[in-house]
Amino acid sequence: TMWRRSFLLLLLLLGPGAQGKPSPDSGPHGQGRVHQAAPLSEAPHDDAHGNFQYDHEAFLGREVAKEFDQLSPEESQARLGRIVDRMDRAGDGDGWVSLAELRAWIAHTQQRHIRDSVSAAWDTYDTDRDGRVGWEELRNATYGHYAPGEEFHDVEDAETYKKMLARDERRFQAADQDKDSVATREELTAFLHPEEFPHMRDIVITETMEDLDKNKDGYVQVEEYIADLYSEEPGKEEPAWVQTEREQFRDFRDLNKDGRLDSSEVGHWVLPPAQDQPLVEANHLLHESDTDKDGRLSKAEILGNWNMFVGSQATNYGEDLTRHHDEL
């Protein structure tokens, strides 16, 4: 699940023609705050039985892997050859595919859905079509045009909107690494998907702390944690799952056992340490394809093991493939 996004993204999801400002109450709660890296594929990793669907989806992404399954073996191998060239060009261009280049490619394919959402945002917010998105473009497209000093004079909850605007501006500044107040596509991606960027980690934690720390003491108390998940109803008994969350807080969230969460513990909760899945898969593909064991892959080595990297019409997963197709 994606971690809480900017209110800008909410407006985008409503569509470019959406009227009105983002709701002050928008945004997911509870487990929606936690960013867990999605698996590279939902298919079983079952190479031993000749089922390479996991590897295909990890290497190509799920949608492109489906496209390859419709190609002839010859076309599939030809397209794989072009991908090999791209992987090398994106790296050091030495004619070989290194572990780092293979890992970078897999990470790139797995973020295709993020790039697609940013492309949609780009068309919405690059209003002057200069190939960059300035803070003012973002602000005006989201909150409307206001003269200086007159921000939100026409709305009921002006103070809430001012806080939202200040929060978005702070996030934009964190994403704007060259500090020119204009976002490149990469910087806009960091703004819309801060959980994907190490340099945005602090802003994710800060925003979470602000949401939960209602008494502003710099910590998240257990009741503040629960209040983000559950609204107490007078006269009704607290559900069992809420008690389970209290235990989660005590046993797993509160790492130093002082009865509250500091910013470090909040970071461990919402952005938990995760295995580098693209690196694990890259190591696996390299190990299985590196016939001369020199720690890198030639184009010939990859094409020699092409059916592990990509599928074709000759690939047959039987019922498993049919089931996955029917789900889509």
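Model, not experiment: these values are computed from the prediction.

*Asks:* Would you mind showing me how to read the UniProt feature "domain: EF-hand" (unreviewed entry) in the protein here?
*Replies:* Per the UniProt entry, the sites bearing "domain: EF-hand" (unreviewed entry) are residues 113-148, 163-198 and 200-235 in this numbering. For residues 113-148, the end-to-end C-alpha separation is 37 Å, with 61% helix and 6% strand making up the annotated structure. In residues 200-235, helix accounts for 50% and strand for 6%; the two terminal C-alpha atoms are 42 Å from one another.

*Asks:* When you look at the confidence of the model for the protein in this model, what are you seeing that I'm missing?
*Replies:* As a note on interpretation, predicted positions should not be read in detail where pLDDT is low. Mean pLDDT over the protein works out to 87, with 86% of the residues at or above the 70 mark. With pLDDT under 50 throughout, residues 1-20 is counted as low confidence; its partners more than four residues away or in other chains account for 63 contacts. Every residue in residues 24-31 is under pLDDT 50, and counting partners more than four places away or in other chains gives 17 contacts.

*Asks:* I would appreciate a short explanation of the environment of Pro44 in the present structure.
*Replies:* Within the fold, Pro44 resides in the loop between helix 1 (7-14) and helix 2 (53-60). According to the relative accessible area criterion, Pro44 is partly exposed, its value standing at 41%. Each C-alpha atom of the pair Pro44 and Asp55 lies 9.6 Å from the other, and the pair is 11 residues apart in sequence.

*Asks:* How do you make sense of the pattern of salt bridges when you look at a structure like this?
*Replies:* Where side chains of opposite charge bring their charged atoms close, a pairing between them can arise. Inspection of every chain in the model, using the stated rule, returns 20 salt bridges. The salt bridge involving Glu67 is made with Arg79; its shortest N-O contact spans 3.9 Å. Of the two residues, Glu67 is situated in helix 3 (residues 62-68) and Arg79 in helix 4 (residues 73-90); the sequence distance between them amounts to 12 residues. Accessibility expressed as a relative area gives 41% for Glu67, which makes it partly exposed. Arg79 gets classed as partly exposed once you look at its relative accessible area, which sits at 25%. Among the ionic pairs, Asp85 bridges to Lys299, the shortest N-O distance being 3.1 Å. Of this pair, Asp85 sits in helix 4 while Lys299 sits in helix 15 (residues 299-304); the two residues are 214 residues apart in sequence, bridging distant segments of the chain.

*Asks:* Just to check I follow, could you spell out unusual backbone geometry for this structure?
*Replies:* Most peptide bonds take the trans form, and the phi angle of most residues other than glycine is negative. The phi angle at Lys257 is positive, at roughly 60°, despite the residue not being glycine. By the element assignment, Lys257 lies in the loop between helix 12 (240-253) and strand 4 (260-261). Despite not being glycine, Lys293 has its phi angle at roughly 55°, a positive value. Within the secondary structure layout, Lys293 lies in the loop between helix 14 (277-289) and helix 15. With a relative accessible area of 56%, Lys293 lands in the exposed category.

Conventions used here
Every chain is numbered on its own, with residues counted from 1 as its sequence reads. Per-residue local features are limited, in this predicted model, to residues with pLDDT of at least 70; the limit for side-chain atom pairs, both in listing and counting, is 80 or more; totals at the level of whole chains, interfaces and linings are taken over all residues. Water and hydrogen atoms play no part in the side-chain values, which are based on all heavy atoms of the structure. UniProt positions are given in the numbering used here, feature names are shortened, and annotations may be inferred rather than shown by experiment. Secondary structure elements are taken from DSSP: a helix is a run of H or I of four residues or more, a strand is a run of E of two residues or more, and numbering for both begins at the N terminus. Scored from 0 to 100, pLDDT records how confident the predictor is in each individual residue. Two residues qualify as a contact provided that any one of their heavy atoms is within 4.5 Å of a heavy atom in the partner residue. Partly exposed residues are those whose accessible area sits between 20% and 50% of the maximum for their type, while under 20% is buried and over 50% is exposed, using a 1.4 Å probe and protein chains only. When a carboxyl oxygen of Asp or Glu lies within 4 Å of a side-chain nitrogen of Lys or Arg, that pair is called a salt bridge.

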